[in-house]
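A look at the structure
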Amino acid sequence: MTGPGRPVAAPRRPDGPTAQDDLAPTVDELCRLLPSWLPGRRWYAGKGHRLSEVRPLLAEVVVPGTPALLQTVLRTDDGACYQLLVGVAPGPAGPGAGVPADAVIGTGRTPDGRPLTLYEASSDPELLSGLLERFVAAEPCGALEFHRAPEAVIPAGARARALTGEQSNTSVAFGDRMMLKVLRRIMPGANTELETLAALERAGDVPSAAPLAWTQTTARHGAEPATLCILQEFVASRGDGWSIATAQARACVRGTCEPVAPLGGFADDAMLLGRATARVHRALAEQLGTRTMSLPEAAELTDALVARLDEALAEVPGLAPCARGLRTAYRDLREAVRRGNPPPVQRVHGDLHLGQALRAERGWVLIDFEGEPGHPFEERRRPRPAVRDVAAMLRSFDYAAHHALGEVLGFPPGERTSRDVHAARLARRASAWAAHSRRAFCAGYTAAGGQDPRTSPVLLRAFEADKAVYEALYEARNRPEWLPIPLAAVRRLAHGGQSTG
Ligand SMILES: Nc1ncnc2c1ncn2[C@@H]1O[C@H](COP(=O)(O)OP(=O)(O)O)[C@@H](O)[C@H]1O
Ligand SMILES: O=P(O)(O)O[C@H]1O[C@H](CO)[C@@H](O[C@H]2O[C@H](CO)[C@@H](O)[C@H](O)[C@H]2O)[C@H](O)[C@H]1O
């Protein structure tokens, strides 16, 4: 170990676990350790559930040797399945073991009593390079299938670097050529991100990353394969939309914007982002189809929005005073369709926000097409009005503005604004920045051929309300200090106002 986060793998010897028979005791040890380790992971979705048992569904040695790399899928006692890449090194955990402390899952024992360290391998470049070789070979490995997209070029030997951000999955960059997404929550069925990236690639000239390869398995999932990893083209960028937008929003809140751009320099970028979104929507409609929403679909959609609200109400008490207004917004959507104005529906991104856009040299590139994590693929695949993505991105401008306000005033933003004149002025600036960015985004979206979202106010309000409810639940589970941001939006929307205040 030479420094934090930089494990130097011990030279690999061919005496680690290599066969399925050798593996059972190691996997047993892993399952014993996981109930106390898993709940601390950001990507673990069972927060609030008291985890007592983890069972293996699949374990394959994808990189043999010492240390070895196990690719595993495990089921927790609430029925969810998670993927883990596990490094198996001989000896006890601790300084000198060659594994960073924060990667250690725990210490187990081999059947003959020797100590064994099990660790989260997504920060071990050597093991990940070994995994990349599997994609290059594109051959099965036990119950795992490694597939390569037609004509994809996968150079071997690229240096692996795991991203450290807060994520639903785990991403590993290979040089500046490829990005590997290690999916965490594993579900059976065709993966929506893989499907969508392939469709966008077929369309050509769309601001998205080319899919290169993927791993799947049918083990224990019946006939339906489950996707475990996706390798895609790396998009070199000067940052994502969230970091660029929040820097601009902060400057606007502090009043340090250029006089020529008093609401911040993000408007041009917001407009280009609107254009990129419209191009992606057009390509998805062309490749995967579009049709008019039917009355049963409108009813199903309304029921789905109400069901999400009910789920969130059970966990986020702050939503309760808004429930009536939200139900009205959802009913209005169904009525608008019934009164004879059914919108077109198509495949959409499903979880669009500023963090899902990378500012590349060629403009904005959209990423992460898997849809909202945690929902079954069938649900994520359902055709929806494209304005659903627009609503989600508009919510993101509100997030960026109010997060910037919180950074300047302290969290929760809004606490001081009702009793402090200075704070109220800064809050007005934040709202003006968000409104300005929203307008620019909608203008760009419309200029690139998308339907002007402002001509569908009922749909826009219902989808913004739904997204804000989803966000409230997401924040309550993952980042409670951020909860006031979506809650404030829910309050405004429930009372007929705009999502940004
Ligand atoms: N194709 C790509 N090229 C470059 N960076 C990427 C690419 N895909 C993802 N990333 C980076 O990885 C991060 C997480 O990826 P994302 O697909 O959003 O994962 P998650 O599903 O876990 O949210 C992104 O915020 C971005 O910084
Ligand atoms: O992990 P994913 O990127 O797939 O998406 C989940 O996490 C997002 C946060 O990382 C969350 O987005 C929410 O917070 C963003 C700021 O961090 C904000 O820009 C978004 O508008 C807001 O929805 C996303 O909802 C969740 O699915």
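Residues numbered from 1 in each chain as written. Chains lettered and ligands numbered in written order. Predicted model: local features only at pLDDT ≥ 70, side-chain atom pairs only at ≥ 80, totals over all residues. Heavy atoms only, no water.

By the naming in an unreviewed UniProt entry, the protein is Maltokinase, taken from Streptomyces lienomycini. Of the protein, the UniProt comment under Subunit (unreviewed entry) reads exactly: "Monomer." In UniProt, the protein has this text filed under Sequence similarities (unreviewed entry): "Belongs to the aminoglycoside phosphotransferase family." (UniProt positions renumbered as here; feature names shortened; annotations may be inferred.)

Bringing the packing of aromatic side chains into the picture now. Considering all chains together, one arrives at 13 aromatic pairs under this definition. Seen in terms of ring centroids, phenylalanine 266 and tryptophan 364 are 6.3 Å apart; in terms of plane orientation they differ by 70°. Their pairing is edge-to-face. Note that phenylalanine 266 is positioned in the loop between helix H4 (241-254) and helix H5 (267-288) and tryptophan 364 in strand E15 (residues 363-366), a separation of 98 residues in sequence. One exposure class covers both phenylalanine 266 and tryptophan 364, and it is buried. One aromatic cluster is present, built from ring pairs that chain together Phe266, Trp364, Phe397, Trp433, Phe441 and Tyr445. Just above the ring of tryptophan 482 sits the side chain of arginine 479; from NZ or CZ to the centre is 3.7 Å. (Phe/Tyr/Trp six-rings, centres within 6.5 Å; stacked < 30°, edge-to-face > 60°. Helix = DSSP H or I, 4+ residues; strand = E, 2+ residues; numbered from the N terminus. Buried < 20%, exposed > 50% of the residue type's maximum accessible area, 1.4 Å probe, protein only. Lys NZ or Arg CZ within 6 Å of the ring centre and 35° of its normal.)

As a further point, take the domain arrangement of the protein. In terms of domain boundaries, the protein breaks down into domain 1 (20-121), domain 2 (130-233) and domain 3 (241-494). Measuring from the centre of the C-alpha atoms in domain 1 to the corresponding centre in domain 2 gives 22 Å. Contacts between the two partners involve 20 residues from domain 1, matched on the other side by 24 residues from domain 2. Of the roughly 1,900 Å² buried where domain 1 meets domain 2, counting both sides, 57% is carbon and sulfur surface. It is Arg42, Trp43 and Gln83 in domain 1 that bury the most area against domain 2; as a group they hold 30% of the surface buried on that side. (Domains from an automatic or database assignment. Contact = heavy atoms within 4.5 Å. Buried area = accessible area lost by both parts, 1.4 Å probe.)

Turning to the nonpolar core, a few remarks are in order. The biggest cluster of nonpolar side chains holds 79 residues, and the ones touching the most others in it are Phe266, Leu326, Tyr330, Phe397 and Trp433. Per-element accounting of this core gives the leading share, 12 residues, to helix H9 (residues 387-409). Domain assignment of the residues forming this core places at least three in each of domain 2 (130-233) and domain 3 (241-494). Excluding residues within four positions of it along the chain, phenylalanine 397 makes contact with Phe266, Ala270, Leu354, Trp433, Ala434, Ser437, Arg438 and Phe441. Counting 43 residues, the second-largest nonpolar core is a separate cluster that includes Ile154, Leu194, Ala226 and Leu231. (Core = buried A, V, L, I, M, F, W, Y, C linked by side-chain atoms within 4.5 Å.)

Another point: the site of ligand 2. Near ligand 2, the surroundings consist of 15 residues, among which Ser168, Ser396, Tyr470, Glu471 and Tyr474 are the closest. Between aspartate 351 and ligand 2, the recorded distance is 2.9 Å, taken from a side-chain N or O atom to an oxygen atom. Within the contact set of ligand 2, an oxygen atom lies 2.7 Å away from a side-chain nitrogen or oxygen of serine 396. In isolation ligand 2 has 540 Å² of accessible area, and contact with the protein removes 92% of it. The set of elements that each furnish at least two residues to the shell around ligand 2 consists of H9 and helix H11 (457-478). Residue contributions to the shell around ligand 2 peak at 3 residues, all from H11. Across the shell around ligand 2, the residue classes tally to 6 nonpolar, 4 polar and 5 charged. (Near = heavy atom within 4 Å. Polar contact = N/O pair within 3.5 Å; in protein donor to acceptor, adjacent residues only side chain to side chain. Areas by Shrake-Rupley, 256 points an atom, 1.4 Å probe, with all protein chains shown as cover. Nonpolar A, V, L, I, M, F, W, Y, C, P; charged D, E, K, R; others polar.)

With that settled, the discussion passes to the packing of H5 against helix H10 (residues 421-447). At their nearest, the axes of H5 and H10 sit 7 Å apart, and the two run at 40° to each other. When the interaxial angle is binned, H5 and H10 end up oblique. Crossing angle aside, the handedness with which H5 passes H10 is right-handed. Facing Ala267, Ala270, Met271, Leu273, Gly274, Arg275, Thr277, Ala278 and His281 of H5, the residues of H10 in contact are His436, Ser437, Ala440, Phe441, Ala443, Gly444, Tyr445 and Ala447. (Axes fitted to C-alpha atoms, helices over the stretch in contact; angles between N-to-C directions. Parallel < 35°, antiparallel > 145°, perpendicular 65-115°, else oblique. Left-handed = near helix turned anticlockwise from the far one by under 90°.)

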